[in-house]
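# Structure assessment
Spelled out, the chains give:
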Amino acid sequence: HSSPEQPGDKPSETGEVQRKEVCRWPCRCPPVPACTPGVSLVKDGCGCCKVCAKQAGEPCNEADVCDPHKGLYCDYSEDEPRYETGVCAYLVAVGCELNGVYYANGQTFQPNRLYQCLCVSGTIGCTPVFTPRLAGSPCARVPGRKQPGQSICGLGQHKQLQSTNYRLMSAYRSLPLVLKKKCLIQATPWTPCSTTCGIGISSRVTNDNRKCEMKKEKRLCFIQPCLNNMLKKVKIPKGKTCQPTFQLPTAEKLVFSGCSTTQRYKLTFCGACLDKRCCIPNKSKMITVQFECPNEGFFRWKMMWITSCVCQRICSAPGDIFSQLKLL
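Conventions we followed
- Each chain carries its own residue numbering, running from 1 in the written order of its sequence.
- It should be noted that, the model being predicted, local features are given only for residues of pLDDT at least 70 and side-chain atom pairs only at 80 or more, the latter also being counted only at that level, while totals for whole chains, interfaces and linings use all residues.
- Note that the side-chain values use all heavy atoms of the structure and ignore hydrogens as well as water.
- Comment: elements are numbered from the N terminus, with helices defined as DSSP H or I runs of at least four residues and strands as E runs of at least two.
- Burial classes: relative accessible area under 20% of the type maximum marks a residue as buried, over 50% as exposed, and values in between as partly exposed (1.4 Å probe, protein chains only).
- Any two residues having at least one pair of non-hydrogen atoms within 4.5 Å are treated as being in contact.
- Per-residue accessibility takes into account occlusion by the displayed protein chains alone, with areas from the Shrake-Rupley method and a 1.4 Å probe.
- Any two strands are treated as partners once DSSP identifies two or more bridges connecting them.
- To obtain each axis, a line is fitted to C-alpha atoms, and for helices this fit is confined to the stretch in contact; angles are then taken between N-to-C directions over 0 to 180 degrees.
- The predictor's confidence in any single residue is recorded as pLDDT, a number from 0 to 100.
- Two cysteine sulfur atoms form a disulfide, by the criterion used here, when they sit within 2.5 Å.
- Each nonpolar core is a collection of buried residues, namely Ala, Val, Leu, Ile, Met, Phe, Trp, Tyr and Cys, held together in the definition by side-chain atoms within 4.5 Å.
- We define a polar contact as two N or O atoms separated by no more than 3.5 Å, with the added condition that, inside protein, one atom must be a possible hydrogen donor and the other a possible acceptor, whereas residues neighbouring each other in sequence contribute only through side-chain atom pairs.
- We define a salt bridge as a contact between a side-chain nitrogen of Lys or Arg and a carboxyl oxygen of Asp or Glu at a distance within 4 Å.

Check the secondary structure of the protein chain and you find two helices and 22 strands. Within the protein chain, the fraction of its 328 residues that count as buried is 31%. Within the protein chain, residue pairs in contact and separated by at least 24 positions form 44% of the contacts whose partners lie at least 6 positions apart. When the accessible surface of the protein chain is summed, it comes to about 22,200 Å², and 52% of that surface belongs to carbon and sulfur atoms.

Spelled out as structure tokens, the structure:
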């Protein structure tokens, strides 16, 4: 005796199983929900309402979407033949490396007591787990203690405080993680200088600011002056094929966007080679330079001050997005 057919299981005229319709139009949306910290607020799969994204292991469907910012997708493989309800699962992707430790895609870990991190497709995202000091804390004050302001909080109350009092931010694995005033300082590498000669611009994304927010930061870069014959200006030692760095004979003012610096600088530039190698910055520091403009006041820019260069065979044009790719 076969079980009665369920609505939505009934075969269509073409012999295919009909899926239940989960989207309804016109859209009727409830109030925008307050998602648990670390859970993305996204538009549902119907393109209608803001919803809290489903997390790994939770059921999903066309309307209830999985968290895209954590590399999750809806796996319908167990719901054959309807493929109507699935389970959120991680996409197959590369893991992450931090301080010599490898983490699998989707793995959560705690590099120190203040932060909990998640590996998603080669990128590490971290959220603070410390409990900040709050005014009017709901925890009971303890009378008679030597330390003023000491309180008693149950474990549940502590977790509630932690979950409602931190700032969610993206994180990058390119630079060592450093704590600075309860902010996990992180940054992407500086992009290559936008020009091979003359003053150019490079940028990165970092949260090294007062609000601990990820923002784009730009700086000036000056790898080489634009000279007609570089090898005439760069003296390569006898018996060598490269001179990594060189300086011009005199200090000069820098010109940018029609404005010139108030001071003269004797910069260190990356040199040249007799073979096909190129020289790129190896070590540098950041300085601030001030430019004066004719009848328009002045402005300041951060600038990379080169201290040493290295000559190598891997040479790519500025902005070449494929320069970091390697054959596996």
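This brings us to the sheet that holds strand β8 (residues 108-112). Strand pairing in a sheet relies on backbone hydrogen bonds, with the paired strands running either antiparallel or parallel. Overall, antiparallel pairing links the three strands, which are arranged β8-β9-β10 in an open sheet. The open sheet has two edge strands with one neighbour each: β8 and β10 (123-128). Neighbour to neighbour, the strand axes of the sheet diverge by 35° on average, direction disregarded.

Time to look at the confidence of the model for the protein chain. Summarising the model, the protein chain shows a mean pLDDT of 75, and 73% of its residues fall at 70 or more. Averaged pLDDT values for the elements of the protein chain fall to 42 in helix α1 (residues 155-164) and rise to 93 in strand β3 (residues 59-60). Every residue in residues 148-152 scores below 50 in pLDDT, and together they form twelve contacts with partners more than four places removed in sequence or on other chains. Here residues 319-328 is a poorly scored stretch, pLDDT under 50, and it has one contact once near neighbours within four places are set aside; other chains count.

For S260, the location among the structural elements is in strand β19 (residues 259-261). Counting along the chain gives 30 residues from S260 to Q290, while the straight-line C-alpha distance between them is 8.2 Å. Excluding residues that lie within four positions of it along the chain, S260 makes contacts with L254, V255, Q290, F291 and E292.

The next subject is the state of the cysteines. Under the criterion given, the structure shown has twelve disulfides. Linked covalently through their sulfurs, C66 and C88 form a disulfide whose S-S length is 2.1 Å. Of note, the bridge from C66 to C88 carries an S-S torsion of about -90° and is left-handed in sense. In this pair, C66 sits in the loop between β3 and β4 (72-75) while C88 sits in strand β5 (residues 86-90), placing the two residues 22 residues apart along the sequence.

Judged by nonpolar contacts, the single largest core of 20 residues is most densely connected at L254, L267 and M303. Mapped onto this core, the elements with two or more residues apiece are β16 (215-222), β20 (269-273), β21 (278-293) and β22 (297-312). With four residues, the single largest contributor to this core is β21.

We now examine the pairing of β8. In this sheet, strand β9 (residues 115-120) lies alongside β8 in antiparallel orientation, the contact comprising three bridges. Considered in β9, the bridge of N112 is made with Y115. The turn joining β8 and β9, which pair antiparallel and follow one another in sequence, is formed by two residues.

With that out of the way, let us pick up the environment of T188. Relative to the assigned elements, T188 resides in the loop between β14 (183-185) and β15 (199-206). Classification of T188 as buried rests on a relative accessible area of 15%. Along the backbone, T188 and S203 are 15 residues apart, and their C-alpha atoms lie at a distance of 9.0 Å. In this structure the side chain of T188 is engaged in a polar contact, spanning 2.9 Å, whose partner is the backbone nitrogen of V205.

Moving on: the environment of Q55. With respect to the element layout, Q55 can be found in the loop between β2 (50-52) and β3. Exposure remark for Q55: the relative accessible area of 15% places this residue in the buried category. Separated by 34 residues in the primary sequence, Q55 and A89 place their C-alpha atoms 8.1 Å from one another. Setting aside its immediate chain neighbours within four residues, Q55 contacts V39, D67, K70, L72 and C88.

According to the stated counting rule, one finds three salt bridges in the structure shown. Residue E217 pairs with R204 through a salt bridge whose shortest N-O separation is 2.9 Å. Note that E217 is positioned in strand β16 and R204 in strand β15, a separation of 13 residues in sequence. In terms of burial, E217 and R204 fall into one category: buried. In this structure, K302 and E217 form a salt bridge, with 3.1 Å as the shortest nitrogen-oxygen distance. Linking K302 in strand β22 with E217 in strand β16, this pair joins segments that are 85 residues apart in sequence. Several salt bridges share partner residues, and in doing so they unite R204, E217 and K302 into one network.

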